[in-house]
Amino acid sequence: MPLAEDVASFIAHVRARSSSLRTHEAYGYDLRDFMKFLQTFPVDALDRITVDHLNRYSAYRTDGTGGHDSPASLHRRLAVVRSLLTYFVRNGRLMRNVGEMIDLPRRPRRLPRVLTREEVEHLLNAIPTDSFIGLRDRALSLPLRAPHARRVCRPVRRVRDHFTAAEMLCKCGRPNCD
């Protein structure tokens, strides 16, 4: 079977498995790009793809001739090619997945963004304090202000003592359910 038909078969498999239109589009885009790259070599079938082709594709996508892919983008592109090859190994069309023989680039790990003091104050001040639930939520969110605080049971106890049992009933009628 020609390479284009194999790719179309794989995309149909992805469509059947995934409900996301963006996934189908991304897989199709990445595989069309890979097939376009393979046209420079005499590769007309899946079993002719080698580790050297994948390494050259990786270099092609990062050296400027085929683009300047970030490590995350290159990781995604190579993972799609690996998925294609894995699909045909599982279906018995290929003996081995040469995509498993290459290392995918590591994606950079970014530290999470930390809220500023003003942002924390804004969040805490947005919690209404005219009901038990609001006071409870404010008491439970106090560690945002002082992350070193280990226990919030004392503020919650103070909130609980401030209201009557009837005021602590939630909408479903059970005490302290939320």
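Above this text is the structure in question.
If you're wondering where the values come from, they're calculated on a predicted model, not measured in any experiment.

1. Topic: the nonpolar core
Right, so step 1: Judged by nonpolar contacts, the single largest core of 26 residues is most densely connected at Leu31, Leu46 and Ile49.
Right, so step 2: Listing elements by their share of this core, those giving two or more residues are helix 1 (3-17), helix 2 (21-38), helix 3 (51-62) and helix 4 (71-90).
Right, so step 3: In terms of residues, this core owes the most to one element, helix 4, which gives 8 residues.
Right, so step 4: Residues in contact with Ile49, not counting those within four places in the same chain, are Leu3, Phe34, Leu38, Val43, Leu54, Leu85 and Val98.

2. Focus: the environment of Ala126
Right, so step 1: Along the chain, Ala126 falls in the loop between helix 5 (117-125) and helix 6 (132-140).
Right, so step 2: With relative accessibility at 54%, the residue Ala126 sits in the exposed group.
Right, so step 3: In this structure, the C-alpha to C-alpha distance between Ala126 and Arg138, residues 12 residues apart in sequence, is 9.2 Å.

3. A short note on the side chain of Arg61
Right, so step 1: Within the secondary structure, Arg61 sits in helix 3.
Right, so step 2: Apart from the residues within four sequence positions on either side, Arg61 is in contact with Asp33, Gly66, Gly67, His68, Asp69, Leu74 and Arg77.

4. Looking at the packing of helix 1 against helix 4
Right, so step 1: Put simply, helix 1 and helix 4 touch, their axes get as near as 10 Å, and they point 95 degrees apart. Overall, the two elements helix 1 and helix 4 adopt an arrangement that is roughly perpendicular. Facing Asp6, Val7, Ser9, Phe10 and His13 of helix 1, the residues of helix 4 in contact are Val80, Ser83, Leu84, Tyr87 and Phe88.
Right, so step 2: Broken down by class, the residue content of the contact of helix 1 with helix 4 amounts to 6 nonpolar, 3 polar and 1 charged.

5. Observations regarding the packing of aromatic side chains
Right, so step 1: One pass over the full model with this rule turns up 8 aromatic pairs.
Right, so step 2: Ring geometry for Tyr87 against Phe88: centres 4.8 Å apart, planes inclined by 80 degrees, an arrangement best described as edge-to-face.
Right, so step 3: Grouping aromatic residues by their ring pairs yields a cluster made of Phe34, Phe37, Phe41, Tyr57 and Tyr60.

6. Some details on helix 1
Right, so step 1: An ideal rise of 1.5 Å per residue puts 21 Å on 15 residues; helix 1 measures up with 21 Å between its terminal C-alpha atoms.
Right, so step 2: Residues of helix 1 that are buried include every one of Leu3, Asp6, Val7, Phe10, Ile11 and Val14, and no others. Mapping the buried residues of helix 1 onto a view down its axis gives an arc of 135 degrees, with all of them on the same face. Exposed and facing more than 90 degrees away from the buried side of helix 1 are Arg15 and Ala16.

7. Concerning the pattern of salt bridges
Right, so step 1: Tallying each qualifying case throughout the model produces 12 salt bridges.
Right, so step 2: Note that Arg93 and Asp6 form a salt bridge whose closest N and O atoms lie 2.9 Å from each other. Taken together, the positions of Arg93 in the loop between helix 4 and helix 5 and Asp6 in helix 1 put the pair 87 residues apart, joining distant regions of the chain.
Right, so step 3: Assessed through its relative accessible area of 38%, Arg93 is described here as partly exposed.
Right, so step 4: Residues Arg113 and Glu119 are paired through a salt bridge, measuring 2.9 Å at the closest nitrogen-oxygen approach.
Right, so step 5: What you see here is one network of salt bridges that share partners, running through Asp30, Asp33, Arg61, Asp69, Arg76 and Arg77.

Conventions we followed
- Residues numbered from 1 in each chain as written.
- Predicted model: local features only at pLDDT ≥ 70, side-chain atom pairs only at ≥ 80, totals over all residues.
- Heavy atoms only, no water.
- Core = buried A, V, L, I, M, F, W, Y, C linked by side-chain atoms within 4.5 Å.
- Buried < 20%, exposed > 50% of the residue type's maximum accessible area, 1.4 Å probe, protein only.
- Helix = DSSP H or I, 4+ residues; strand = E, 2+ residues; numbered from the N terminus.
- Contact = heavy atoms within 4.5 Å.
- Axes fitted to C-alpha atoms, helices over the stretch in contact; angles between N-to-C directions.
- Parallel < 35°, antiparallel > 145°, perpendicular 65-115°, else oblique.
- Nonpolar A, V, L, I, M, F, W, Y, C, P; charged D, E, K, R; others polar.
- Phe/Tyr/Trp six-rings, centres within 6.5 Å; stacked < 30°, edge-to-face > 60°.
- Expected span 1.5 Å × (residues − 1).
- Arc of directions from axis to C-beta.
- Salt bridge = Lys/Arg side-chain N within 4 Å of Asp/Glu carboxyl O.

Function cannot be inferred from these measures alone, as they are strictly geometric.
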